[in-house]
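Residues per chain, in single letters:
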Amino acid sequence: MTMFQLEFMQRALIAGLLTGLSAPAIGTYLVQRRLSLMGDGIGHIAITGVALGLLTGSAPVLTAILVSIAGATAIELVRARGKASGDVALALLFYGGIAGGVLLIGLAGQGAATLNTYLFGSLTTVSPSDLYVVVGLAVTVLVVAIGLGPQLFAVCQDEEFARVTGLRVQLLNLVIAVMAAVTVTVAMRTVGLLLVSALMVVPVATAQQVTRSFRSTFVTACVIGVVACLAGIVTSYNANVAPGATIVVLALAGFVVAATAGTLIRRRHRQVAPLPDEEPEVGVPVPEPHVVSAGHPHQHDPRCGHTKVEHGDHVDYVHDGHLHAAHGDHWDEH
């Protein structure tokens, strides 16, 4: 329990709590839009922002925010205007971001150790000023993700429907991209830039295994993200390993458990659920119930002239459009 008395651990836990809330919150919309790798691309270009801050002597967090927002806006504009497909735009962001970051880090004279703290996260480097920035950004992301939830969901689900209803689709898409960039910066200290996309996607994928509605997926993903972040930070401190990798491994373990449980629940539901009554198709006559005929004007036999149908154990005769089955002691009319 002594680790909770350390100031840097207190700051790391607060940052982890906010990261676990904000990353799945905006990741839910990215998964809905089938842009799960967008966070990974923004994380790569944020490396350029960190390197630019180290080169100029300014705060790397602030420069990472500005560069990430610029990159996210660029990729959304390229995708929306049809200059390149979404996956091609993400690939351009991958290559340009990592190449620019490595180049600027070399020009700044910084070593690999400095870059690793941003790539994979570091608990001891969360300063009080960094925590203030993380708190402000995380609160902004949560307010936007919850306050504009219906509009953002409509855009992610069906852009054409959202456009017909009068929503500003292009602006809302830019909001999602900018919030994703901000979230990457929020998670930079705890998870790291290379693994931040996992925290935006894995809790959402885990929640989808056990939920059915968008709202329940949103809430469940945030809860899973918080649990994974806090548990990962505590485990990484005790095991002396990188916090980002620990958080992601725990999140993936949760996905395996949820996927297995979801499969078993759905299989059991299919086994116990009663089959619904089938409605008759339009134009198909409904068969009349089986009734016992009160009597016939004559006894059916091979000499009566009516069509007979032999069935081995009994003989059926067609008379007046009805089928009469002889069973020895009585006649059945169908």
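Analysis parameters
Residues numbered from 1 in each chain as written. Predicted model: local features only at pLDDT ≥ 70, side-chain atom pairs only at ≥ 80, totals over all residues. Heavy atoms only, no water. Helix = DSSP H or I, 4+ residues; strand = E, 2+ residues; numbered from the N terminus. Buried < 20%, exposed > 50% of the residue type's maximum accessible area, 1.4 Å probe, protein only. Contact = heavy atoms within 4.5 Å. Areas by Shrake-Rupley, 256 points an atom, 1.4 Å probe, with all protein chains shown as cover. Expected span 1.5 Å × (residues − 1). UniProt positions renumbered as here; feature names shortened; annotations may be inferred. Axes fitted to C-alpha atoms, helices over the stretch in contact; angles between N-to-C directions. Parallel < 35°, antiparallel > 145°, perpendicular 65-115°, else oblique. Left-handed = near helix turned anticlockwise from the far one by under 90°. Nonpolar A, V, L, I, M, F, W, Y, C, P; charged D, E, K, R; others polar. Patch = residues over 30% accessible without salt bridge, like charges linked within 9 Å, V, L, I, M, F, W, Y side chains within 5 Å. Salt bridge = Lys/Arg side-chain N within 4 Å of Asp/Glu carboxyl O. pLDDT = per-residue confidence, 0-100. Lys, Arg positive; Asp, Glu negative; His and termini not counted. Charge placed at Lys NZ, Arg CZ, Asp CG, Glu CD. 1 Å grid on protein atoms, 1.4 Å probe; cavity = no way out; pocket = protein on both sides within 12 Å on 5 of 7 lines; lining within 4 Å. Points joined across faces, edges and corners; volume = space filled by probe spheres on them. Phe/Tyr/Trp six-rings, centres within 6.5 Å; stacked < 30°, edge-to-face > 60°. Core = buried A, V, L, I, M, F, W, Y, C linked by side-chain atoms within 4.5 Å.

### Quick notes on the overall build of the protein chain
Phase 1: When you go through the protein chain residue by residue, the secondary structure sums to 12 helices and five strands.
Phase 2: A burial count over the protein chain gives 43% of its 334 residues as buried.
Phase 3: Taking the contacts inside the protein chain whose residues are at least 6 apart along the sequence as the reference set, 69% of them involve residues at least 24 apart.
Phase 4: Total accessible area on the protein chain stands at roughly 17,500 Å², and carbon and sulfur atoms take up 64% of it.

### Examining helix H11 (residues 214–239)
Phase 1: A rise of 1.5 Å per residue sets the reference length of H11, with its 26 residues, at 38 Å; its end C-alpha atoms lie 36 Å apart and thus fit the reference within 8%.
Phase 2: Every buried residue belonging to H11 is among Phe 214, Thr 217, Phe 218, Ala 221, Cys 222, Gly 225, Val 226, Ala 228, Cys 229, Gly 232, Ile 233 and Ser 236, and all of these are buried.
Phase 3: Phi turns positive one or two residues past the end of H11, at Asn 240, with a value near 60°.

### Description of the side chain of Thr 206
Phase 1: One can find Thr 206 in helix H10 (residues 196–208).
Phase 2: Contact partners of Thr 206, with chain neighbours within four places excluded, come to Ile 224, Ala 251, Gly 254, Phe 255 and Ala 258.

### Let's talk about the UniProt feature "transmembrane region" (unreviewed entry) in the protein chain
Phase 1: Per the UniProt record, the feature "transmembrane region" (unreviewed entry) sits at residues 43–67, 88–111, 131–155, 167–187, 193–211, 218–239 and 245–265.
Phase 2: Annotated as 88% helix and 0% strand, the span residues 43–67 places its first and last C-alpha atoms 10 Å apart.

### Examining helix H3 (residues 60–80)
Phase 1: Across its 21 residues, H3 extends 30 Å between first and last C-alpha, which sits within 8% of the 30 Å expected from 1.5 Å per residue.
Phase 2: Within the sequence span of H3, burial applies to Pro 60, Val 61, Thr 63, Ala 64, Ile 65, Val 67, Ser 68, Gly 71, Ala 72, Ile 75 and Glu 76.

### Concerning the side chain of His 44
Phase 1: As for its placement among the helices and strands, His 44 is situated in helix H2 (residues 38–56).
Phase 2: A relative accessible area of 15% places His 44 in the buried class.
Phase 3: Filtering out sequence-adjacent residues up to four positions away, His 44 remains in contact with Leu 93, Phe 94, Gly 97, Ile 98 and Leu 194.

### Focus: the packing of helix H1 (residues 7–32) against helix H9 (residues 169–186)
Phase 1: The contact between H1 and H9 brings their axes to 10 Å, and the two run at 150°. Classed by the angle they form, the pair H1 and H9 counts as roughly antiparallel. In this structure, the crossing between H1 and H9 has a hand that is left-handed. Here Thr 19, Ser 22, Ala 23, Ile 26, Tyr 29 and Leu 30 of H1 come into contact with H9, specifically with Ile 176, Met 179, Ala 180, Thr 183 and Val 186.
Phase 2: Its residues placed into classes, the contact of H1 with H9 shows eight nonpolar, three polar and no charged.

### Details of a nonpolar patch on the surface
Phase 1: A surface patch of nonpolar side chains, amounting to about 300 Å² of accessible area, comprises Ile 14, Val 135, Val 139 and Val 143.
Phase 2: Following the sequence through the fold, Val 135 ends up in helix H6 (residues 128–147).

### What to know about the confidence of the model for the protein chain
Phase 1: For the protein chain, the mean per-residue pLDDT works out to 77, and 77% of the residues sit at or above 70.
Phase 2: A low-confidence stretch, residues 329–333 stays under pLDDT 50, and its non-local contacts, those more than four residues away or across chains, total 24 contacts.

### Description of a positive patch on the surface
Phase 1: A cluster of basic residues, Arg 212, Arg 266, Arg 267 and Arg 270, forms a positive patch at the surface.
Phase 2: Relative to the elements of secondary structure, Arg 266 occurs in helix H12 (residues 243–272).
Phase 3: The partly exposed category is assigned to Arg 266, whose relative accessible area is 38%.

### Comments concerning the layout of surface pockets
Phase 1: What the largest pocket holds in volume is close to 240 Å³.
Phase 2: Considering the residues around the largest pocket, the lining is formed by Tyr 29, Ala 145, Ile 146, Gly 149, Pro 150, Phe 153, Phe 214, Arg 215 and Phe 218.
Phase 3: Of all elements in the fold, only H6, helix H7 (149–157) and H11 reach the threshold of two or more residues within the lining of the largest pocket.
Phase 4: Its residues assigned to classes, the lining of the largest pocket shows seven nonpolar, one polar and one charged.

### Remarks on the packing of aromatic side chains
Phase 1: This structure, assessed with the given rule, holds four aromatic pairs.
Phase 2: Look at Phe 153 and Phe 214: their rings are 4.6 Å apart centre to centre, the planes differ by 50°, and that puts the pair in the tilted class. Here Phe 153, found in helix H7, pairs with Phe 214, found in helix H11; they are 61 residues apart in sequence, far enough to count as distant.
Phase 3: Grouping aromatic residues by their ring pairs yields a cluster made of Tyr 29, Phe 153, Phe 214 and Phe 218.

### Some points on the nonpolar core
Phase 1: Ranked by internal contacts, the top residues of the largest apolar core, which has 74 residues, are Tyr 29, Met 38, Ile 42, Leu 193 and Met 200.
Phase 2: Those residues in contact with Met 200, other than ones at most four positions away along the chain, are Ala 23, Pro 24, Ile 26, Gly 27, Leu 30, Gly 39, Ala 180, Thr 183 and Val 184.

### Points about the pattern of salt bridges
Where side chains of opposite charge bring their charged atoms close, a pairing between them can arise.
Phase 1: Scanning all chains against the criterion turns up two salt bridges.
Phase 2: Its salt-bridge partner being Glu 7, residue Arg 11 comes within 3.9 Å of it at the nearest N-O pair. Placement of the pair is Arg 11 and Glu 7 together in helix H1, with a separation of four residues, close to one helical turn.
Phase 3: Put simply, Arg 163 and Glu 160 hold a salt bridge, and the shortest N to O gap is 3.3 Å.

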